[in-house]
Amino acid sequence: QVQFVESGGGLVQPGGSLRLSCAASGFTFSTYTMRWYRRTPGKERELVAGISPGGGPIYVDSVKGRFTISRDNAKNTLHLQMNSLKPEDTAVYYCTATRLGKRAFDTWGQGTQVIVSS
């Protein structure tokens with residue numbers, strides 16, 4: 001059974017940092033591109049960052065230079081280091097696995113809430 005368990009969210013002031021983690025199970029983690037998405041109320045989930053099996057990262061323009069995605073294939077874990085956080089980064093963050101640009105599984109985790117506010 002495929003599972004994604006996100007953690008590490010919280011309340012942080014603008015300019016602060018958080019490190020999100022995603023524990024994945026039920027599939028061969030090392031062979032999939034992994035992505036972080038986020039969703040705010042009333043909006044569709046948007047792609048934040050992705051990382052290929054070999055480690056090549058991609059980022060949406062709004063987070064470039066501030067967020068860093070990484071993966072630990074030995075531990076089936078995905079991370080997102082978020083620095084210089086802005087109020088517009090407030091969202092629920094989710095991870096998922098993709099292949100050929102599409103979600104590989106129908107499962108979403110519960111997500112982890114990030115609130116950036118003073």
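Structure shown above.
Per chain, residues are indexed from 1 in the order of the written sequence. With the structure being a predicted model, the display of local features is reserved for residues of pLDDT at least 70 and the display and counting of side-chain atom pairs for 80 or more, all residues being used for whole-chain, interface and lining totals. Values shown for side chains rest on all heavy atoms present in the structure; no hydrogens or waters enter the calculation.

Peer 1: So what exactly am I meant to see when it comes to the overall build of the protein chain here?
Peer 2: A tally of regular secondary structure across the protein chain gives zero helices and eleven strands. Going residue by residue from the N terminus, the α and β elements of the protein chain occur as β-β-β-β-β-β-β-β-β-β-β. The atom set for the radius of gyration is the C-alpha atoms, and the globule formula is 2.2 Å times the number of residues raised to the power 0.38. Since a compact globule built from 118 residues should have a radius of gyration of about 13 Å, the 13 Å found for the protein chain is in line with a globular shape. Principal-axis analysis of the C-alpha atoms places the extent of the protein chain at approximately 40 × 25 × 25 Å. For each residue, the accessible area found with a 1.4 Å probe, counting protein chains only, is set against the maximum for its type, and the residue is called buried under 20%, exposed over 50%, and partly exposed in between. A total of 118 residues make up the protein chain; the buried ones form 41% of that total. Taking all contacts inside the protein chain whose residues are at least 6 apart in sequence as the whole, residues at least 24 apart take part in 54%. Split by element, the accessible area of the protein chain, about 6100 Å² in all, is 49% carbon and sulfur. A helix here means a DSSP run of H or I that spans at least four residues, while a strand means a run of E at least two residues long, and both kinds are numbered starting from the N terminus. In this description, contact between two residues means that some pair of their heavy atoms is separated by no more than 4.5 Å. Accessibility throughout is a Shrake-Rupley quantity obtained with a 1.4 Å probe, and a residue counts as covered only by protein chains that appear here.

Peer 1: Sorry, what's going on with unusual backbone geometry here?
Peer 2: Among all residues except glycine, the phi angle is most often negative; among peptide bonds, the trans geometry is most common. In this structure, asparagine 76 is a non-glycine residue whose phi angle is positive, near 50°. For asparagine 76, a relative accessible area of 26% translates into the label partly exposed. One non-glycine residue, serine 84, adopts positive backbone phi at about 50°. Assignment of secondary structure puts serine 84 in the loop between strand S8 (77-82) and strand S9 (91-99).

Peer 1: For this particular structure, what's the right way to read the sheet that holds strand S3 (residues 18-25)?
Peer 2: To summarise the sheet geometry, strands pair through backbone hydrogen bonds and adopt either a parallel or an antiparallel arrangement. Taken in spatial order, the four strands line up as S1-S3-S8-S7 in an open sheet, and their pairing is antiparallel. Because the sheet does not close on itself, it has two edges, and the strands there are strand S1 (3-7) and strand S7 (67-72). Recorded for the sheet is a direction-independent mean angle of 15° between the axes of neighbouring strands. A pair of strands is considered paired only if DSSP assigns at least 2 bridges between the two. Strand direction decides the pairing type here: S1 and S3, joined by five bridges, are antiparallel. Across the sheet, the residue bridging to glutamate 6 is cysteine 22, located in S3. To get an axis, fit a line to the C-alpha atoms, keeping to the stretch in contact for a helix; angles then go from 0 to 180 degrees between the N-to-C directions.

Peer 1: I would appreciate a short explanation of the side chain of threonine 112 in the present structure.
Peer 2: Here threonine 112 is to be found in strand S11 (residues 112-116). Identification of polar contacts relies on pairs of N or O atoms within 3.5 Å, with a donor-acceptor requirement for protein atoms, meaning one able to donate a hydrogen and the other able to accept it, and with residues adjacent in sequence counted only if both atoms are side-chain atoms. Within the local environment of threonine 112, its side chain forms a polar contact with the backbone nitrogen of glycine 9, the two atoms lying 2.9 Å apart. When neighbours within four sequence positions are excluded, threonine 112 is seen to be in contact with Glu6, Ser7, Gly8, Gly9, Leu20, Ala91, Val92 and Tyr93.

Peer 1: Quick question: what am I supposed to make of the state of the cysteines here?
Peer 2: In protein structure, a disulfide is the covalent linkage between the sulfur atoms of two cysteines. Any two cysteine sulfur atoms within 2.5 Å of one another count as a disulfide. In total, this model carries one disulfide according to the counting rule given. Here cysteine 22 is linked by a disulfide to cysteine 95, with a sulfur-sulfur distance of 1.9 Å. Between cysteine 22 and cysteine 95, the disulfide has an S-S torsion of 50° and is therefore right-handed. Here the residue cysteine 22 occupies a position in strand S3, and cysteine 95 occupies one in strand S9, the gap between them amounting to 73 residues. Using a relative accessible area of 0% as the deciding quantity, one classes cysteine 22 as buried.

Peer 1: Would you mind going over the environment of methionine 82 with me for this structure?
Peer 2: Position of methionine 82 relative to the elements: it lies in strand S8. Along the chain, methionine 82 and arginine 71 lie eleven residues apart, while their C-alpha atoms are 14 Å from each other. With sequence-adjacent residues up to four places away left out, methionine 82 is seen in contact with Gly16, Ser17, Leu18, Leu20, Arg66, Phe67, Tyr93 and Val114.

Everything listed here is a matter of geometry and, on its own, says nothing about what the molecule does.
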